[in-house]
Amino acid sequence: MNKNSIYIFFIIFFNFFKKKYQKYFYINEQFKNKIKIYKNRIIYIYDNNIFEDKDLIRGNYRKNIKKYKEILIRVVSKRNKFNYKIDNKYYSRKIYPEKINFLNLNTDRSNSILIKGYKDTKIFRPILTKKKSKKKLVLALLVDGFGHDILNYLPNSKKFFGMNNLFTNVWANSNWTLPSYGNFITGKYAANHKGYESEGKYNSKKIISYKTKMNIYEYFSNLDFVTGCYSPYMRINPTYNSAKGADIFCHNDFFDANQMTENIISQIEMFKNNSNFIFAHFFDGHGPRYKKIRMQEAVHLSKNNRNFDQSNNKKKSRAVAEIKYEDEIETVGMFKYIDTQLNKLYEFLKSKKFDDYTIILFGDHGTRLGSNVKNNFLLSNNICNINLFVKDKKKTFNSAQRKKIIQMIDFYPSLAARYPYKNTSLVIKETDGINSIFSKAKNNFSLTETQYNAKVLPERPYEINVRKNNNQLYSINSFKKDKITKSSNIFLNKSQKKIDINKINKNSVNQLLSIKNKHIKQYD
C-alpha cells in the first residue's frame, strides 16, 4: 500500500466518524467535485473554486453582447480545447482538462456570442464587463484576531491607512469567527442571523446557515460589482451560505497572507474595467497555514534566547484562549508576517486609480496575548475591542467620529449607505446595525455575546457583555434549545474590574439590564 492509498484510506475513515459536520465539509468532500447536501442542494468545487448548481449553464449559452467589452468564462472540461463563436466567427482556446479554466474574452465591438453545451464540459455563470463600467473598489481585509493588542505589530498597515483613519471604539459582537463573520455579511446580531451553532450537519435538517434577505455580496452584486470571497477558514464554506451571491468564492486551507494578497491583486487585475467588492480573510494569526514555520515567517520571530517548555503550551487554542510563552512569540511573528505581505498589496493599490474606493482593515475578534491579559472574562476587552481602519476616497474622519461606538453589525449598513442604490434604505432597515461609520448616527451602547460550545449539549453557557458609558454588564446565563434560562449578572467598570451595584447610578443599572433583556428576548 503506497503513501497516497494510506492517506485516502485515513481520510475516508476520518470522514465516517465525522458524521458530515459542517466544519469538516472541506475535509470530508475534498476528493469530490460534485457534492449533494441537505435538500438536494448541489455544490461544485474545482481547484478551490466553489460554485452553486444555479451557476451551471445548461445547454447552449447565447448572449447579446453589444453592451459588454469583456466576458470571463469559467469552464471545466475533459477536452483540451474550448470552442466558441462571436458574430458567426469561430474561435478556440487551449484549456487544461479536468481543471477550472479562466478565459477572458474580448467582446468589444461585437454583437453576440454562442457557446455550445457538451456533456463532458461544465460552464459556470460568465462574468460580464459593461463598456461604460465604473471602476470602484470596496475592499474588506479581515485580519483574524486583530485586536488592539496587535496594532503595533502592523506598522505597514498603520502607515498605509494613517492613524487619522483608525477607529478606536469598535466592538465585535461575537468572540469567535463563525458568528462574527455573520455579523459582517448580514449586519445582524447572531440571534437574528442564526449562524452561531458550532456543530451543524450539512446532510440533515440540523444544517446551520446565515439567515438574511440580502447579504453584503448580493448587495454589491446588485450594483454590478464583481464580488469575491477568499478565506482559508474551514467554516466559511457554502453549507453555511457563507458567500451567497459572490461571483468568486475560493477556499484553501493553505491560503497564507502571501497567497491572499495575490488573490486580491489577481481579481482587481482580471476585472480592472469593473467595480470590485472583495472580502479577504487573513488567518495566519491562528497559526502558520503550512503547519510549520517557513523562512519567510521565521524572520519575524524573536531572536532572544529562551527555553521551550512544552507543558506551557499544551492544549492552548489560538482562537479565543489565552496565548502564552512560545505560542505568543509565534503568534506575534505571524501578525508581523501578515503585515509584510499586506504591504505588497498596499504598494499595488497606490499604483492604481479608481473612480471611487473604500478600503477597510479590521478584526473579527481580538487575540488574548498572555503578556497583556488583565482578566479572565471570556468576553474581555482583549477579545471584544477590535481595530478598524477605513481609507476612503471621499470621506475623512475627525477625532470625534473616530471615537464613536461602532459595532461589527454596522459595517454592512455603513458600506451600503456609502454605495447606495434605489433599495438601500430597505436593505439597511433589515439589518440590526446603523451607518455609524459614514454618517452622524451614533450607538449609545455596544454588546458582545457568545453561545459557543465545543459539544452540543442540552444546556450550555451563554454570556453577554453590554457596554454603555463607563460601565459594563457582564451576564452569564444558561442556553437551552435556543432559549436563555438561568442568569447571573456582574457589573464592571470600563477596565472590567468588578464594582458594587450600589455604587452605580440606578438609571445606568436599569439601562444596562434593559438592553440585555431586550436582546436575549430575540432568542425566544
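Residues numbered from 1 in each chain as written. Predicted model: local features only at pLDDT ≥ 70, side-chain atom pairs only at ≥ 80, totals over all residues. Heavy atoms only, no water.

Tallying secondary structure elements over the protein chain gives 15 helices and 23 strands in all. At 24 Å, the protein chain has a C-alpha radius of gyration in line with the 24 Å of a compact globule built from 524 residues. Taken along its principal axes, the extent of the C-alpha atoms in the protein chain is 85 × 60 × 50 Å. Taking all contacts inside the protein chain whose residues are at least 6 apart in sequence as the whole, residues at least 24 apart take part in 69%. Summing over all exposed atoms, the protein chain offers an accessible surface of approximately 25,000 Å²; the carbon and sulfur share of this is 49%. Considering the protein chain, the positive charge centre built from 95 side chains and the negative charge centre built from 44 side chains are found 4 Å apart. (Helix = DSSP H or I, 4+ residues; strand = E, 2+ residues; numbered from the N terminus. Rg over C-alpha atoms; globule rule 2.2 N^0.38 Å. Contact = heavy atoms within 4.5 Å. Areas by Shrake-Rupley, 256 points an atom, 1.4 Å probe, with all protein chains shown as cover. Lys, Arg positive; Asp, Glu negative; His and termini not counted. Charge placed at Lys NZ, Arg CZ, Asp CG, Glu CD.)

With that settled, the discussion passes to the environment of Lys272. Relative to the helices and strands, Lys272 is located in the loop between helix H7 (257-270) and strand E16 (275-282). Put simply, Lys272 and Lys135 are 137 residues apart on the chain and 7.2 Å apart in space, counted from C-alpha to C-alpha.

Okay, the sheet that holds strand E7 (residues 81-86) next. If you walk across this open sheet you meet the four strands as E5-E10-E7-E8, and the pairing is antiparallel. Every other strand in the sheet has two partners, leaving strand E5 (61-64) and strand E8 (89-94) as the edge strands with one partner each. The sheet shows a mean angle of 20° between the axes of neighbouring strands, taken without regard to direction. Relative to strand E10 (residues 112-115), E7 runs antiparallel, the two sharing two bridges. (Pairing = 2+ DSSP bridges. Axes fitted to C-alpha atoms, helices over the stretch in contact; angles between N-to-C directions.)

Most often, soluble globular proteins keep nonpolar side chains buried together rather than apart. Ranked by size, the top nonpolar core spans 53 residues in total, and within it Phe184, Tyr217, Phe279, Phe362, Leu388 and Phe411 carry the most contacts. Counting 42 residues, the second largest nonpolar core, distinct from the first, contains Ile127, Leu139, Val226 and Phe348. (Core = buried A, V, L, I, M, F, W, Y, C linked by side-chain atoms within 4.5 Å. Buried < 20%, exposed > 50% of the residue type's maximum accessible area, 1.4 Å probe, protein only.)

Read from one edge of the open sheet, four strands run E4-E11-E6-E9, paired in antiparallel fashion. The open sheet is flanked by strand E4 (56-57) and strand E9 (101-106), the only strands paired with a single partner.

Here the structure, examined in full by the defined rule, presents zero disulfides. The structure places no disulfide on Cys229, whose sulfur is separated from the nearest cysteine sulfur, that of Cys250, by 9.2 Å. (Disulfide = S-S within 2.5 Å.)

The next thing to look at is the pairing of strand E22 (residues 471-480). Burial analysis of E22 places eight of its 10 residues in the buried class, the great majority of the element. When E22 meets strand E23 (residues 483-493), the two strands line up antiparallel, connected through nine bridges. Of the residues in E23, the one forming a bridge with Ile476 is Ser488.

Our next topic: the packing of H7 against helix H10 (residues 325-350). Direction vectors running N to C along H7 and H10 enclose 15°, while the axes themselves pass 8 Å from each other. Judged by the angle between their axes, H7 and H10 are roughly parallel. Judged by the sense of rotation from one axis to the other, the crossing of H7 with H10 is right-handed. Judged by residue contacts, Ala257, Asn258, Thr261, Ile264, Ile265, Ile268 and Glu269 of H7 engage Tyr337, Ile338, Gln341, Leu342, Lys344, Leu345, Phe348 and Leu349 from H10. Partitioned by chemical class, the residues of the contact of H7 with H10 number 10 nonpolar, three polar and two charged. (Parallel < 35°, antiparallel > 145°, perpendicular 65-115°, else oblique. Left-handed = near helix turned anticlockwise from the far one by under 90°. Nonpolar A, V, L, I, M, F, W, Y, C, P; charged D, E, K, R; others polar.)

This next bit is on the environment of His519. Within the element layout of this structure, His519 appears in helix H15 (residues 506-520). By relative accessible area, which is 4% here, His519 ends up buried. Dropping the residues within four chain positions of it, His519 is found in contact with Tyr189, Leu447, Glu449, Tyr462 and Ile464.

Attention now moves to the environment of Tyr219. Residue position: Tyr219 is located in helix H6 (residues 216-222). Since its relative accessible area comes to 0%, Tyr219 is described here as buried. Not counting residues up to four positions away in its chain, the partners in contact with Tyr219 are Met214, Tyr412, Ala416, Tyr419, Pro420, Tyr421, Thr424 and Val427. Of note is the side chain of Tyr219, whose polar atom sits 3.0 Å from the backbone oxygen of Ala416. (Polar contact = N/O pair within 3.5 Å; in protein donor to acceptor, adjacent residues only side chain to side chain.)

Within the structure shown, the criterion is met by 32 aromatic pairs. Geometrically, the ring pair formed by Phe51 and Phe124 is stacked, given 4.0 Å between the ring centres and 10° between the ring planes. Of the two residues, Phe51 is situated in strand E3 (residues 49-52) and Phe124 in strand E11 (residues 121-130); the sequence distance between them amounts to 73 residues. As far as burial versus exposure is concerned, Phe51 and Phe124 are alike and both buried. Note on Tyr462 and Tyr523: the rings are 5.5 Å apart at their centroids and 70° apart in plane angle, and the pair reads as edge-to-face. Of the two residues, Tyr462 sits in strand E21 (residues 459-468) while Tyr523 sits in the segment after H15, which places them 61 residues apart along the sequence. This pair shows no difference in class: Tyr462 is buried, exactly as Tyr523 is. (Phe/Tyr/Trp six-rings, centres within 6.5 Å; stacked < 30°, edge-to-face > 60°.)

Time to look at the side chain of Lys23. Locating Lys23 in the fold gives a position in the loop between helix H1 (3-18) and helix H2 (25-28). Of note is the side chain of Lys23, whose polar atom sits 3.1 Å from the side chain of Glu199.

Where burial is concerned, little of E8 is hidden: zero out of the six residues are buried. Linkage of E7 to E8, two consecutive antiparallel strands, is achieved through a turn of two residues, within which Asp87 is found at a positive phi near 50°.

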